[in-house]
Structure formats: C-alpha cells, structure tokens
Amino acid sequence: MIKPFDKSHWHGRVDVEDGMLGKRWHQLVKEFPKEHQAYLEKSVVFLGFASDEGVRRNKGRVGAAKAPDAIRKMLSILPQQDSDVNALYDYGNVVCVGNNLEEARDEQVQILKNLIAKKTYPLVLGGGHEVAYGNFLALSDKYKKIGIINIDAHFDLRLPHPDTNSGTGFYEMSQFCEKNNREFNYMCLGVQKTANTKAIFERAEKLGAHYVLADQIHEDRRAWSIAIDAFVEKVDAIYLSLDMDVFDAAYAPGVSAPAANGLNAFQVKGILKHILGSNKVRLMDVAEYNPEYDIDNRTARLAAHMVSEMVHNL
Ligand SMILES: N=CN[C@@H](CCC(=O)O)C(=O)O
Ligand SMILES: [Mn+2]
Ligand SMILES: [Mn+2]
C-alpha cells in the first residue's frame, strides 16, 4: 500500500529573523511531483519503506516499520547546507500491510524504477533490511554491473528458509546475479565476528564477497579505503546500503539487532564520503532503525545525520 506524502512529517522550528539563511529541511523538502514528465536530474527523492515483516520472519525485534516517519522528523530540523543537489523530494511510504512483504516489495520496485528513469537519486528510508532486495532489483533493471556496498555488522547472506526476510537480501541478490549471468559484486563493511555464524562467513567466502571487519576499521583507516577503491573501479553503478546496527549500540540503541564493538559516526561518515566520491552511487538506503528501542531519538538523529552526509556528498 502506498501512503502518500504527508506534510505533517516535515515540521520544526522556523527562524524567520534569519530569512533564507535560517532555512531547515522541513522548509525545503517538497512532495515528489508524480505527474512531472521530464527528468529531475540531481534531485534526491526520499521513499519510506514501512516494514518490519522481514525482521519478524528473521526472528528479530519488530518496530522498524515506524522508522521512516521518525527519521523524517529528525531530518526536518537539520539546517540547510550548501549542496550540489537541486531539490529534495519526498514520495511518501510504501507500507507493508500484514505479512505481505512480497506485495510491498513489488510496489517499491515499480516506484524506484520510475524514480531512476527520471534520473533522480532515490534515498530509501527503511524499514528492516528486507528493504535491500527491492532496491537492488530496481537498480538492476537499468545497470548491469552493480557494486553492492553494505555498511553493516551482518552480512545478511542468510538462505531464505523458507522465505525472504531481513537477513536474506544480499544472498538473494547473489542468486539473481547467478540466474541472470551477472557478476555478484558485494562488499560488506563493518562486519562483526560476533554477529555472524561460521556458516555465514563460509557463504561469504564462497560467494566471493569482499568484506572489512569492524576491527580492521578500528585498527587502520587504509584497511577500507584501498579495498573500496579496488571494488568501485570495476563497477558502473553503486547501490549503497547503511544498516544502523553497524554503529556501536552505545550510539545506536534503536536498532533491531544491536552490536557491540561497532563503528562511530566519524568512521561511517569517512566511509560514506569515500564511496560517494566515486560518483557512481545511484541509490542509497538507511535500514534497521527501530524507534521502539531508541533513547531520546539518539539513533534517529544519527540516521538523519548520515542521510545528510549522503545528500551533501552526492
Ligand atoms: N538484518 C539482519 N539481521 C541479522 C539479525 C541477527 C540477530 O537477530 O541476531 C541477521 O540476520 O544476521
Ligand atoms: Mn543488515
Ligand atoms: Mn545488521
């Protein structure tokens, strides 16, 4: 089900005394013009994916369905910054009704294909990480050689057993690539040894996944920058996914599956900036924020901060 743009999610303080220089995102973000026929180049379009059905199926803590609107609330109050982006639009939410994740995904893919055709940059606000597979499918319609970069404590390479869920998305992408005779170019950054079983590590090896452990990122900045450069060079477009559980649970308590020893905001911003510097990123998402477990909107603020980094480094 599509829940259209709702202006009430974009509100906050207004600093009239500062005129144009006092503007915040809630004064900038506009409803996506669905009837507009021409390209909307260099504009960012937010699409919410209000689902935690994938998390439920993955035996996790539900609540992420409320994340898109909670992130919008924190984005609303961000001050305007200088940017190369022409416009910020909000499409509204795809809502997963009941357990009908597959139907929601179909809607997600159709909308995103259209946004990509209009040359916009979709930025999808999850939802559980079941948001990932639909994002990839939409992008794979236009680009053949996609680099998939997932910043996540988990590989999300689980077998759908029996169904698609929040932990299977990147495995499903590998199967899609195999069926369609495409390379599976997958890189996972921030992986925790304590958050993935041996079975998953083995599968990652078998599928040729590139990965950098959170420990390696803590130890040495160059561990990831060299790996990213080599990875990015061989692809035409990048799908960039940020799972909020890559952050340490102290910074991001509001996630479905918190991780210890996670990254901090500065580390993740450095990684985002580096990837976006390739100019190959075509679609992004933020997944797994779960307002039910947040403390004083700490995780929502962090998610909004990361969205701002994504937008301003495009
Ligand atoms: N999105 C992925 N989530 C993790 C959840 C792990 C957990 O619940 O402990 C995964 O499947 O590996
Ligand atoms: Mn994940
Ligand atoms: Mn994760």
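Values in this document were obtained by computation on a predicted structure and should not be read as measured data.

What counts and how
Residues numbered from 1 in each chain as written. Chains lettered and ligands numbered in written order. Predicted model: local features only at pLDDT ≥ 70, side-chain atom pairs only at ≥ 80, totals over all residues. UniProt positions renumbered as here; feature names shortened; annotations may be inferred. Helix = DSSP H or I, 4+ residues; strand = E, 2+ residues; numbered from the N terminus. Buried ≥ 20, exposed ≤ 12 C-beta atoms within 10 Å, placed from the backbone. Contact = placed C-beta atoms within 7 Å. Axes fitted to C-alpha atoms, helices over the stretch in contact; angles between N-to-C directions. Parallel < 35°, antiparallel > 145°, perpendicular 65-115°, else oblique. Left-handed = near helix turned anticlockwise from the far one by under 90°. Near = placed C-beta within 6 Å. Nonpolar A, V, L, I, M, F, W, Y, C, P; charged D, E, K, R; others polar. Pairing = 2+ DSSP bridges. Core = buried A, V, L, I, M, F, W, Y, C linked by C-beta atoms within 7 Å.

1. Notes on the UniProt feature "binding site: Mn(2+) 1" (unreviewed entry) in the chain
1) Next: Summarizing the sequence annotation, UniProt attributes the feature "binding site: Mn(2+) 1" (unreviewed entry) to His129, Asp152, His154, Asp156, Asp243 and Asp245 in the numbering used throughout. Considering the C-alpha atoms alone, the annotated residues occupy 117 residues of sequence yet fold into one spot, their largest mutual distance being 12.0 Å.
2) Next: Mapped onto the elements of the fold, Asp156 is located in the loop between strand 6 (146–151) and helix 5 (169–179).
3) Next: By C-beta crowding, Asp156 is classed as buried, having 29 other C-beta atoms within 10 Å.
4) Next: Every residue in contact with Asp156, bar those within four places of it in the chain, is listed here: His129, Asn150, Gly167, Thr168, Gly169 and Phe170.
5) Next: Here Asp245 lies in the loop between strand 9 (237–243) and helix 9 (265–276).
6) Next: For Asp245, the residues in contact, after removing those within four places along its chain, are Asp152, Ala153, Ala252, Val255, Ala257, Pro258, Ala259 and Glu288.

2. Focus on the packing of helix 3 (residues 101–117) against helix 4 (residues 131–142)
1) Next: At their nearest, the axes of helix 3 and helix 4 sit 8 Å apart, and the two run at 40 degrees to each other. One element, helix 3, and the other, helix 4, form an angle in the oblique class. Handedness of the helix 3/helix 4 crossing: right-handed. Across the interface between the two elements, Arg105, Gln108, Val109, Leu112, Lys113 and Ile116 from helix 3 touch Tyr133, Gly134, Asn135, Leu137, Ala138, Leu139, Asp141 and Lys142 from helix 4.

3. A few points about the environment of Lys234
1) Next: Structurally, Lys234 can be placed in the loop between helix 8 (222–233) and strand 9.
2) Next: Classification of Lys234 by C-beta neighbours within 10 Å gives exposed; the count is 10.
3) Next: C-alpha separation for the pair Lys234 and Gly126, spaced 108 residues apart in sequence, amounts to 28 Å.

4. Describing the site of ligand 1
1) Next: In the neighbourhood of ligand 1, the contacting residues comprise Asn58, Gly60, His129, His154, Asp156, Arg158, Ser166, Gly167 and Ala257.
2) Next: Grouping the constituent residues of the shell around ligand 1 by class yields one nonpolar, six polar and two charged.

5. Overview of the packing of helix 9 against helix 10 (residues 298–312)
Axis angle and axis distance: for two packed helices, these are the angle between their axes and the distance between the axes, and together they describe the pair.
1) Next: Two numbers describe how helix 9 lies on helix 10: the axes approach to 10 Å, and their chain directions differ by 25 degrees. Regarding the angle of helix 9 to helix 10, the classification is roughly parallel. The element helix 9 and its partner helix 10 pack so that their crossing is right-handed. Here helix 9 contributes Ala265, Val268, Lys269, Leu272, Lys273 and Leu276 to the contact with helix 10, which in turn contributes Leu302, His305, Met306, Glu309 and Met310.

6. As for the pairing of strand 4 (residues 87–95)
Successive side chains on a regular strand alternate, one facing one side of the sheet and the next facing the other.
1) Next: The buried fraction of strand 4 is high, at seven of nine residues.
2) Next: With three bridges connecting them, strand 1 (residues 2–4) and strand 4 associate as antiparallel partners. Bridge pairing in strand 4 places Lys3 opposite Asn93.
3) Next: Sheet topology places strand 2 (residues 30–31) next to strand 4; two bridges connect them, and they run parallel. Residue pairing across strands places Lys30 opposite Tyr89, the latter belonging to strand 4.

7. Focus on the nonpolar core
1) Next: Membership of the largest hydrophobic core comes to 98 residues, with the highest contact counts inside it found for Ile71, Val286, Ala303 and Val307.
2) Next: The contact partners of Val307, leaving out residues within four places of it in the chain, are Ile71, Leu75, Leu123 and Val286.

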